[in-house]
Structure formats: C-alpha cells, structure tokens
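Structural overview
Below are the chains, spelled out letter by letter.
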Amino acid sequence: MTENMTADVRVRPATPEDRPAVERLWLMFRHDMSEYQGGLPAADGTFRSERVESAFTAPGWAPYLLTCGAGLAGLAFVRGLDGSVRVLNSFFVARGVRRAGVGLRAAVEVLRRHPGRWEIAYQRGNAGAEAFWHRVAEEVAPGDWGCAERAVPGRPSLPPDLWLSFTVRR
C-alpha cells in the first residue's frame, strides 16, 4: 500500500482557484501546530492566515498543493525565492497518509524545484517533525546539513525553534 501511495504523490503550484482548498488545509495545519505553538481558533473557527495571503500574493512566495491519487494530501508554502535563502515556510500532510512516504516524497520534490540554499524550522519537542525533517535533509544533502536553535520572533514564551540548513544542488 505504501508503494502505491508514494507512486501517486504529486506536487503542483496552487492557483487562485485552489485557494479555498488551501484555506481548509491551512486550518488542519494550524490545528496540528497549536499543540506546539499554543493558540486557539478565533471566534469564527479560523486561525490566523497571513501566511496563506502571502503565499498567494507576496513576491518571492510560492504555494503548492500535495496530492495523492485523486485526493488532496497537503500543502507547502515556500518563501525567499527572490533572495539567497529559500524557506519552507509551511508544510502539511494530512494524517491519513502520514508515515507512508507521502510527506518525504512531496518535501523532496518541493525542495528540488528550487535548487539553492534552504532553511526549514520545526518546533522543539515535536519528535515526529525532527525525525521527518532530518530524513528530508539527509535525502537532499547527504551528510551536509546543520541544525541550530533560533528564538521564535515575537513569542518569547515559546521554546526556540530548531532550524535545518542545507543546499539543494541542481
């Protein structure tokens, strides 16, 4: 089953027509992240969504949809495409396809679309994210990546994030 799932994984740029689907996936992503970053939905049931807006409209950003077969499997937002370092700003894989290789395949594809210097943050205490992102870094930059702590801007009550750094070669 895992082999069939990963064979059906696709990454494609999200279009303005995809925005409603991206916004719904964003809610799932923010819900998952609330375990590590705190916060509750607003009175209307949504989470802050400035990153969704930026992904679709800001210079140097690119939104992607991840699919598995005919279904939506997740999203990825890249920023820094107009600078020297790209950042995988947000990455989400639906729970139904986690631990099946879908996320690894999609993350590697997103990174390889934009060769160059990359940074990816994840939250201290998120053991699943740590194992996943280290596996991704090793896949795209074997033995040539690093990890450092950085404070979360504007959130002094949170533990520092961990940031991976590596270069994706052409």
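See above for the structure.
Below you will find a few notes about this structure. On a predicted model such as this, the values are computed, not experimentally measured, just so you know.

This brings us to the side chain of S165. Relative to the helices and strands, S165 is located in strand β7 (residues 161–168). When its relative accessible area of 16% is taken as the criterion, S165 is described as buried.

Moving on, we get to the environment of V152. With respect to the helices and strands, the residue V152 is situated in the loop between β6 (145–150) and β7. Considering only alpha carbons, one finds V152 and L162, ten residues apart in sequence, at a separation of 9.6 Å. The contacts of V152, once residues within four sequence positions are left out, are L158, P159, P160 and D161.

Before going further, it helps to examine the environment of P13. Relative to the helices and strands, P13 is located in strand β1 (residues 9–13). As for P13 and L65, which are separated by 52 residues in sequence, their C-alpha atoms are 6.2 Å apart. Residues in contact with P13, not counting those within four places in the same chain, are D18, P63, Y64 and R113.

It is worth spelling out helix α3 (residues 50–57) at this point. Within α3, the full set of buried residues consists of V52, A55 and F56. Taken down its axis, α3 places every buried residue within 90 degrees of arc, on the same side.

Moving on, we come to the nonpolar core. Formed by 34 residues in total, the largest nonpolar core has its most connected members in L66, L88, F91, V102, L111, W133 and F166. Mapped by element, the contributors of at least two residues to this core are β1, β2 (62–68), β3 (71–79), β4 (85–93), α4 (102–112), β5 (116–123), α5 (127–140) and β7. Apart from residues lying up to four places away in sequence, F91 is in contact with F29, L66, L75, A76, G103, A106, A107, F132 and W133. One finds L25, M33, V52 and L75 within the second-largest nonpolar core, a separate group that totals 14 residues.

What follows deals with the sheet that holds β3. Adjacent strands of a sheet form backbone hydrogen bonds with each other and so pair up, either parallel or antiparallel. On the basis of which strands lie adjacent, the open sheet formed by seven strands has the order β1-β2-β3-β4-β5-β7-β6 and mixed pairing. The outermost strands of the open sheet, each flanked by one partner alone, are β1 and β6. On average, each strand axis in the sheet is tilted by 25 degrees relative to the strand beside it, whichever way the strands run. As paired elements, β6 and β7 share six bridges and run antiparallel to each other. By the bridge assignment for β7, W145 is matched with F166. Its contacts with the sheet place α5 against β4, β5, β6 and β7, and it is angled at close to 15 degrees to β7.

Considering all chains together, one arrives at six aromatic pairs under this definition. Consider the rings of F91 and F132, whose centres lie 5.9 Å apart with planes at 20 degrees: the pair is stacked. One end of the pair, F91, is in strand β4; the other, F132, is in helix α5, with 41 residues separating them in the sequence. Each member of the pair F91 and F132 is classed as buried. An angle of 75 degrees between the planes, with centres 5.2 Å apart, marks the rings of F91 and W133 as edge-to-face. Pair noted here: F91 is in strand β4 and W133 is in helix α5, with a separation of 42 residues, a long-range link. Given a relative accessible area of 13%, F91 falls into the buried group.

Cut-offs used in this document
- Residues numbered from 1 in each chain as written.
- Predicted model: local features only at pLDDT ≥ 70, side-chain atom pairs only at ≥ 80, totals over all residues.
- Heavy atoms only, no water.
- Helix = DSSP H or I, 4+ residues; strand = E, 2+ residues; numbered from the N terminus.
- Buried < 20%, exposed > 50% of the residue type's maximum accessible area, 1.4 Å probe, protein only.
- Contact = heavy atoms within 4.5 Å.
- Arc of directions from axis to C-beta.
- Core = buried A, V, L, I, M, F, W, Y, C linked by side-chain atoms within 4.5 Å.
- Pairing = 2+ DSSP bridges.
- Axes fitted to C-alpha atoms, helices over the stretch in contact; angles between N-to-C directions.
- Phe/Tyr/Trp six-rings, centres within 6.5 Å; stacked < 30°, edge-to-face > 60°.

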